[in-house]
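# Chain and residue survey
Single-letter residue listing:
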Amino acid sequence: MALTIGLTGGIASGKSTVANMLKEWNIPVVDADRIAREAVNVGEEAYVRIVETFGKDILQKNGEIDRAKLGALIFHDEEKRNQLNAIVHPAVRKKMLEQRDEILQKNPVVVLDIPLLFESNLTHFVDKIIVVYVDDAIQLERLMKRNGFSQEEALARIHSQMPLSEKKVYADAVIDNNGTIDQTRQQLLTILSEWDVL
Ligand SMILES: Nc1ncnc2c1ncn2[C@@H]1O[C@H](COP(=O)(O)OP(=O)(O)OP(=O)(O)O)[C@@H](O)[C@H]1O
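Every value quoted in this text rests on a predicted model; they were computed, and no experiment measured them.

This part covers the UniProt feature "binding site: ATP" (unreviewed entry) in the chain. Residues annotated in UniProt with the feature "binding site: ATP" (unreviewed entry) correspond here to Ala 12, Ser 13, Gly 14, Lys 15, Ser 16 and Thr 17. Of the annotated set, the members that line the largest pocket are Ala 12, Ser 13, Gly 14, Lys 15, Ser 16 and Thr 17. Tracing the sequence through the fold places Lys 15 in helix α1 (residues 15-24). Residue classification places Lys 15 among the buried positions, given a relative accessible area of 10%. Within the structure, Lys 15 has its side chain in polar contact with the backbone oxygen of Gly 10 (distance 2.6 Å).

In structure tokens form, the structure reads like this:
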């Protein structure tokens, strides 16, 4: 039976850490962030439409999209942000579903690693949802440490997402990643064996 698992959580909550464990066990993982980066590569349909919409000023000398410039352009402008999302989101969804379906032809299970699964209303793409959870204080500490952010910079990013406490409510399974990596691995193993994946 085909099973699509959605893996999500908050910024720096430990999604990549869990995704890496899955890959070590040869469970295929589709990475939404990676697809989103690839979707705007030179020559892709979304790339062409972004240049048409925002002009060549947002390009680097080599023709690639200058993410910092584009980011600055949309940051304080909701209309432009919506325009960009209307180009990028459908392209990412399409590629993600193509990869999911291709994998499911050969594998009984696939994991879609989608940081903004809830915020982007993509829950209908998956059968089961795992939320990687951490307490606020640990999330802040790990994010500051990993990205070298000040407390203010880290909090701004955390507060731009749906609170982890709310995501937890919508999960089929929650991994509490406040403890050690080994404790997280054990929880993941338990969930996967309950779902007959391992
Ligand atoms: N159980 C743990 N104990 C200690 N450090 C951890 C643990 N889990 C994750 N980390 C560290 O916390 C940071 C965030 O983890 P990770 O990159 O997996 O989160 P993420 O949810 O994928 O983040 P993002 O969505 O922001 O990319 C990393 O530096 C990682 O090494």
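Additional details are given in the paragraphs that follow.
Here we take up the domain arrangement of the chain. Split by domain assignment, the chain resolves into domain 1 (1-28 + 109-193) and domain 2 (35-100). For domain 1 versus domain 2, the separation of C-alpha centres amounts to 25 Å. The partner domain 2 presents four residues to the seven residues of domain 1 that form the contact. Considered class by class, the residues forming the side of domain 1 that touches domain 2 number five nonpolar, two polar and no charged.

Among the nonpolar cores identified, the biggest contains 35 residues, and Ile 50, Ile 65 and Met 96 are the most heavily contacted of them. Broken down by secondary-structure element, the contributors of at least two residues to this core are α2 (32-38), α3 (45-54), α4 (67-75), α5 (78-106), β3 (109-113) and β4 (128-133). For this core, the element with the most residues is α5, which contributes six residues. Taken domain by domain, this core gets at least three of its residues from each of domain 1 (1-28 + 109-193) and domain 2 (35-100). With sequence-adjacent residues up to four places away left out, Ile 50 is seen in contact with Val 40, Gly 55, Ile 58, Ile 65, Leu 70, Leu 84, Ile 87 and Val 88.

In total, this model carries seven salt bridges according to the counting rule given. Glu 98 is the salt-bridge partner of Lys 94, the closest N and O atoms lying 3.8 Å from each other. With Lys 94 and Glu 98 both in helix α5, this residue pair falls four residues apart, about one helical turn. A relative accessible area of 44% places Glu 98 in the partly exposed class. Measuring nitrogen to oxygen at the nearest pair gives 2.6 Å for the salt bridge that ties Asp 182 to Arg 185. With Asp 182 and Arg 185 both in helix α9 (residues 181-194) and three residues apart, this pair spans about one turn of that helix.

Our next topic: the sheet that holds strand β1 (residues 3-9). The five strands are arranged β2-β3-β1-β4-β5 in an open sheet whose pairing can be described as parallel. Either end of the sheet is taken by a strand with one partner, and the two such strands are β2 (29-31) and β5 (173-176). Pairwise comparison of adjacent strand axes, ignoring direction, gives a mean angle of 25° for this sheet. Bridge count for β4 against β5 is four bridges, and the pairing is parallel. Of the residues in β5, the one forming a bridge with Val 132 is Ile 175. On the sheet, α9 packs against β1, β4 and β5 and is oriented at approximately 165° with respect to β5.

Analysis parameters
- By convention here, each chain's residues receive numbers from 1 onward along its written sequence.
- It should be noted that, the model being predicted, local features are given only for residues of pLDDT at least 70 and side-chain atom pairs only at 80 or more, the latter also being counted only at that level, while totals for whole chains, interfaces and linings use all residues.
- Heavy atoms from the whole structure form the basis of all side-chain values; hydrogens and water molecules are not counted.
- UniProt positions are given in the numbering used here, feature names are shortened, and annotations may be inferred rather than shown by experiment.
- Note on definitions: the grid is 1 Å and covers protein atoms alone; a cavity is a set of points where a 1.4 Å probe fits but cannot get out; a pocket is an open set with protein on both sides within 12 Å along at least five of seven lines; lining residues have an atom within 4 Å of a point.
- Strands here mean DSSP runs of E at least two residues long; helices mean DSSP runs of H or I at least four residues long; both are numbered from the N terminus.
- A 1.4 Å probe rolled over the protein chains alone gives each residue an accessible area, and that area as a share of the maximum for its type sets the label: buried under 20%, exposed over 50%, partly exposed in between.
- The definition of a polar contact used here is a pair of N or O atoms within 3.5 Å, where within protein one atom must be able to donate a hydrogen and the other to accept one, and adjacent residues in sequence count solely through side-chain atom pairs.
- An automatic or database domain assignment supplies the start and end points of every domain.
- We call two residues in contact whenever any of their non-hydrogen atoms come within 4.5 Å of each other.
- Throughout, the ten residues Ala, Val, Leu, Ile, Met, Phe, Trp, Tyr, Cys and Pro are labelled nonpolar, Asp, Glu, Lys and Arg are labelled charged, and all others, Gly among them, are labelled polar.
- We define a nonpolar core as any set of buried Ala, Val, Leu, Ile, Met, Phe, Trp, Tyr and Cys residues linked to one another through side-chain atoms lying within 4.5 Å.
- Salt-bridge detection follows one rule: a side-chain nitrogen of Lys or Arg within 4 Å of a carboxyl oxygen of Asp or Glu.
- Here, a strand pair is defined by DSSP locating no fewer than two bridges between the strands.
- Only the stretch in contact is used when a helix axis is fitted, and all axes are lines through C-alpha atoms; the angle between N-to-C directions ranges over 0 to 180 degrees.

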